[in-house]
Amino acid sequence: MSGLRDHAGRHIVAVTGMGLVTPLGFGVAESWAGLLAGRSGISRITRFPTEHLKTSIAGQVVLPEEAGRPPFSSPERVERMAALAAAEAVAQAGIGGPFPGPLFLGMPPVEVEWPQRLELARRTDGEAAGSYPAMIAAAAGRGDLFEMFLFGGIGERLADRFGTRGAPVSVTTACATGASSIQLGLEAIQRGEAAAALCIGAEGSVAPEPMIRFSLLSALSARNEEPERASRPFEKTREGFVMSEGAAALVLESLESAQARGAEVLGLVLGAGERADSFHRTRSNPDGGAIIGAMRTAIADAGLEAAQIDYVNAHGTGTPENDKMETLGMRAVFGDAPPPISSNKSMIGHTLSAAGAIEAVFSLLTIRDGMLPPTINHEVPDPAIPLDVVPNRARAAKVGRVLSNSFGFGGQNVCLVLGAAP
């Protein structure tokens, strides 16, 4: 890497703005302070009744406008959190408006939810009351429902709000979604197709139906009496992940563009690696090929060797299988002396579609401050996981490059390499 081009002759991609919304707080400063303090954002669910649910805890974000009204739908929640994170990132970048590049939005799949279905059912009558055709008829003319549950609608409204260029791209790649949004922005700038990109990952699925679905997969922790201690990545007594929500936004620019306008460079996105294994709807291939391939590809894409990675921001969900597979990947890529690895999810839970973007922001802050976030709740080490997981307390360290892992259902895997500002 030299000047304004990387080892492959592509534009170097800088980060000039970051925004966060997490269960630890609103804004980058509050969320980062909570993470370094080892504070858990997991609590009892207050948004809806949980008496009949096996899991009754989650990482909730309580939006200021929620007081005294029914809960927002998941798409509404996604849009509001994405807008908050993007506003912080764009303001920090000082990039002005209209935004000089495209929007890449990572978000969960969208479907009509039970409150809306029940409302439509109540609008039907006669022998067909409550039937699917009758509900479709009752929905006729309900443009508000159409707009609320149109997958691409959120991106369109955010693009209008921030004045981004061209058609916004909305993507969902399971738990790799947030990282995918950054990968798309990175590659667009590297190719010279855009001078800047607004990349967002957002998730708002702490709701009854998603909770039930994940619970039926036996994927969720049911440590309901101890919410703060429920998320236990890499620990021997781990039993599942904790659902969570939030959003992150990053303003990416070519380094040339950022320097030309005198912007502060917060860090670099050096490379990305993507692999899919198509093995199972939820489980990774036991050979770990796609996970290992995504990690190796990201490091190679950044023009680095594995030994040049100083820290790994883990996918680290706390499910028995995921942590085992990530350990396999770490040993395959880094050998017998892997760098430290820790899981932000031990404190904020698994933010699903937002996770890759949130963890990219935390990775850049790790580099900036030279502090490794801890993996909290690490009480009984798992002898099958011989990794330095930065247990329980943050640690000072010199960090120049971070590998951030995002491994999703269906074998959708994206890894990012983040680096220090030049």
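Details of the structure are given in the entry above.
Residues numbered from 1 in each chain as written. Predicted model: local features only at pLDDT ≥ 70, side-chain atom pairs only at ≥ 80, totals over all residues. Heavy atoms only, no water.

**With respect to the overall build of the protein chain**
Threshold: We count a stretch as a helix when DSSP gives it H or I for four or more residues in a row; a strand needs E for two or more, and each element gets its number in order from the N terminus. A radius of gyration in this sense is built from C-alpha atoms; the matching globule rule multiplies 2.2 Å by the number of residues raised to 0.38. When a residue's accessible area, from a 1.4 Å probe over protein chains only, is under 20% of the maximum for its type it is buried; when over 50% it is exposed; and in between it is partly exposed.
Counting secondary structure elements, the protein chain contains 13 helices and 15 strands. By the compact-globule yardstick of 22 Å for 422 residues, the protein chain fits well, its C-alpha radius of gyration being 21 Å. Taking the principal axes of the C-alpha coordinates as reference, the protein chain spans close to 70 × 50 × 40 Å. Each of the 422 residues in the protein chain was classed as buried or not, and the buried ones make up 59%.

**Considerations on the environment of Ile 154**
Using the following cut-off: Any two residues having at least one pair of non-hydrogen atoms within 4.5 Å are treated as being in contact.
Of note, Ile 154 is situated in helix α6 (residues 153-162). Residues Ile 154 and Ala 83, spaced 71 residues apart in sequence, show a C-alpha to C-alpha distance of 9.9 Å. Apart from residues no more than four positions distant in its own chain, Ile 154 is found in contact with Pro 75, Val 78, Glu 79, Leu 105 and Met 107.

**Observations regarding the pattern of salt bridges**
The following threshold applies: Just to be clear on terms, a salt bridge is a Lys or Arg side-chain nitrogen sitting within 4 Å of an Asp or Glu carboxyl oxygen.
Tallied over the full model, the rule gives 24 salt bridges. Salt-bridge contacts for Glu 65 lead to Arg 80; the nearest nitrogen and oxygen are separated by 3.2 Å. With Glu 65 in the loop between β4 (57-58) and α2 (74-93) and Arg 80 in helix α2, the pair connects residues that are 15 residues apart, well separated along the chain. The exposure class of Arg 80 is partly exposed, given its relative accessible area of 30%. Note that Arg 229 and Glu 226 form a salt bridge whose closest N and O atoms lie 2.3 Å from each other. The class of Arg 229 is partly exposed, set by a relative accessible area of 29%.

**Points about α6**
Considered for burial, the residues of α6 that qualify are Gly 153, Ile 154, Gly 155, Leu 158, Ala 159 and Phe 162. On the buried face of α6, the contacting elements are α2, β5 (103-106), β6 (169-171) and β7 (196-203). Within two residues after α6, Gly 163 carries a phi angle of roughly 70°, on the positive side.

**Concerning unusual backbone geometry**
Glycine aside, negative phi is the norm for most residues, and most peptide bonds take the trans geometry. Its identity as a non-glycine residue notwithstanding, Ala 174 has a phi of 55°, on the positive side. On the secondary structure map, Ala 174 appears in the loop between β6 and α7 (177-190). Although it is not a glycine, Val 390 sits at a positive phi angle of roughly 50°. Its place among the elements puts Val 390 in the loop between β12 (371-372) and β13 (395-396). Judged by relative accessible area, which is 1%, Val 390 ranks as buried.

**Quick notes on the side chain of Gln 116**
Of note, Gln 116 is situated in helix α3 (residues 114-122). By relative accessible area, which is 12% here, Gln 116 ends up buried.

**Some points on the packing of helix α10 (residues 289-301) against helix α11 (residues 320-334)**
Rule in force here: Whenever a helix is involved, its axis is fitted only over the stretch in contact; in every case the axis is a line through C-alpha atoms, and angles between N-to-C directions fall within 0 to 180 degrees. Our angle categories are set so that under 35 degrees counts as roughly parallel, over 145 as roughly antiparallel, 65 to 115 as roughly perpendicular, and the remainder as oblique. The sense of a crossing depends on the near helix, which, turned anticlockwise from the far helix by less than a right angle, makes the crossing left-handed and, turned clockwise, makes it right-handed. Under the convention adopted here, Pro, Cys and the residues Ala, Val, Leu, Ile, Met, Phe, Trp and Tyr are nonpolar, Asp, Glu, Lys and Arg are charged, and Gly plus all remaining residues are polar.
Where α10 contacts α11, the two axes come as close as 9 Å, and the packing angle between them is 45°. One element, α10, and the other, α11, form an angle in the oblique class. Read as a crossing pair, α10 and α11 show a hand that is right-handed. Across the interface between the two elements, Ile 291, Ile 292, Met 295, Arg 296 and Ile 299 from α10 touch Met 325, Gly 329, Met 330, Ala 332, Val 333 and Phe 334 from α11. When its residues are assigned to classes, the contact of α10 with α11 shows 9 nonpolar, 1 polar and 1 charged.

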